[in-house]
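Chain by chain, the residues run as shown.
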Amino acid sequence: MSFYVDIDPLKAMEIFYDGEKLGVWEGEFIKNENKRGLIYPPKLKEFLLKFGFFGVNGKDSRFWFPDDVSIVGIDTGTECKDMLILGKIGELYAGVFADDCGMDDPPISLGMAVENEDGAEVLSFRASDLYLRDLLICLFTGNLAYEADPEVYEDAIEIKSVLYKYRSDPLLKKLMIDTARPYRCICYDEEEGKFLCIDLYNDKDVVLVFSPQISVEELEALFKKEFYENSRSCDFAHALRLIEKILDQTEQDMPDSLEIGEKYRLAGRCCWALGQWDRAEEWLKKAEPIYADKSSPAQAAISFYRGLGNFYSDMGDNEKSLAAYQIEEQLAKENGSSIFQVKGDRYMREGIKMSDEERLEDAVLLFEKALEQYKQDPKGCKYAIARCGQLKGDVRAEIKKRRKSSTE
C-alpha cells in the first residue's frame, strides 16, 4: 500500500469514483468544434468526458458543457483576444484565452458581473495566479471533500499529529517545507482509503481528511446508464456491483418499500443473466414478500410474478415456474387485466427462446399458441398479435430458406 502526494486532480477523481465514468457525450465537443471552432483545453475535455455529470462538477462551482460555453472578445489594452468562458467558481466566472486552449494547463482569468456607465451588466475579467489544475483541485475539495463530512484540522499541533504517520515520505516533507504558498494539493492514503486535502496558507495550514463514497444519486445514474441505456450489451456484472452498492446505502432506510423490492428484483435479474441461479433466487425471494403485499400496485405484482415464472423456467424448475405463472394469472383476473395477454405473452416468450435455440418448428407451434390466446382479445392484444405474427412469419421464412438450401 502506498501514500500518494500531490496527485493529479483527475487521478484523485478516478480514485474517488472507483474508476466509474459519467460524463458528457464526445459528440458535443465535435459538434461545437465543427460549428463554432470551440477548442477545449485537453485536460478540461477529459474532465467533462469522465466526470461531467458527477457531483464533483457541482451546481455553484462547475465547468459548463460545450453548448453553454461563450466565446467573447476581451480588450487586453494592446489587442482584442477571444476568450472562452468555461464555467463558474462560486460567484466568479472562469475564462481561458482561446490562444491558450492547446496548453495542458492553461492560465485562468477570473471575471465578475459589474455595471457599466449605462447601468447595463457586463463581465469584467482579470488575470489570476490560478491555472486549470488549480480549479480542478478546487472542485474536488469544494464539491467532494466538504460534502463527505471531513475531519477538519486547522491547529498546527493537530495537523502535525495527522501527518506524523507520513513523516518519512520525502515528497510530503518537501511539499510542507519548500512549497511556495499559497498552495493546495490532494494526497491519498491507499491503505486507509482516505484522502488528505492540504491547504498551505501564509499564516496557517488546513488539512481535510475524508473517505471516498459515491452518492446514491450517482450510483442510480450509473446503473441506469448500464442496465437500461446500454441494455443490448449490458455488463451485468458491473450492473450488479452498482445495485449492490445502492442497496448497501439505502436498504436500512426504507425496508419493505416497493423501491427496495424493485432493487432486489434488479439484483436478481443481474444474477440471472450471469447464470448465478442461487444468488438470483435469494434476491427474488427477498423481493417477493414486498410484491405479494396487498398494498403493492397490481401491475407491479403481475410483472414481478411473470418475471419470477420466467426465471424458474430458465432455471429448469417447471413446478416453481408454473406456481408463479398461476399467481400472475390470478392477479390479472382480480385486477381486470387481459388473461389472454398474460397467457399469450408466455407462449411468445417460449417461442422466442426456441427460435434462439434453433428449434424452429417448436418455435412456430408456440407462436401459434400465443396467437390463439391473443385473438380471443383482439382489441386489447392488437400490438402483441402484430409482433407475434411477424415473429412467426420470420421463423417460417427461415425454415423455408433452409429447406430450399438443403435440396439444392
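Everything below is about the structure shown above.
Because the structure is a prediction, the values reported are computed rather than measured.

*Asks:* Now, about the sheet that holds strand β8 (residues 151–153): what can you tell me, with residues and values included?
*Replies:* The sheet built from five strands is open, its strands ordered β1-β9-β10-β11-β8 with antiparallel pairing. Here the strands that pair on one side only, and so sit at the sheet edges, are β1 (3–4) and β8. Strand direction decides the pairing type here: strand β10 (residues 194–200) and strand β11 (residues 205–210), joined by six bridges, are antiparallel. Across the sheet, residue C197 finds its bridge partner in β11, namely L208. In the packing of helix α4 (residues 132–145) onto the sheet, the strands contacted are β9 (183–189), β10 and β11, and the crossing angle to β9 comes to about 60°. Contacting β8, β10 and β11, helix α5 (residues 156–163) runs over the sheet at an angle of about 45° to β11.

*Asks:* Give me the pairing of strand β6 (residues 107–115): which residues, what numbers.
*Replies:* By the bridge criterion, three bridges tie strand β5 (residues 92–97) to β6 in an arrangement that is antiparallel. Note on β6: the bridge partner recorded for G95 is S109. Pairing between β6 and strand β7 (residues 121–131): eight bridges, direction antiparallel. Considered in β7, the bridge of E115 is made with E121.

*Asks:* Residues and numbers for the pairing of β5, please.
*Replies:* Counting buried residues in β5 gives five out of six residues, a clear majority hidden from the surface. As judged from the six bridges shared by strand β4 (residues 80–89) and β5, these two strands associate in the antiparallel manner. Bridging across to β5, M83 finds its partner in F97. Between β4 and the antiparallel strand that follows it, β5, lie two residues; G90 among them carries a positive phi value of about 65°.

So, how was this worked out
Residues numbered from 1 in each chain as written. Predicted model: local features only at pLDDT ≥ 70, side-chain atom pairs only at ≥ 80, totals over all residues. Heavy atoms only, no water. Pairing = 2+ DSSP bridges. Helix = DSSP H or I, 4+ residues; strand = E, 2+ residues; numbered from the N terminus. Contact = heavy atoms within 4.5 Å. Axes fitted to C-alpha atoms, helices over the stretch in contact; angles between N-to-C directions. Buried < 20%, exposed > 50% of the residue type's maximum accessible area, 1.4 Å probe, protein only.

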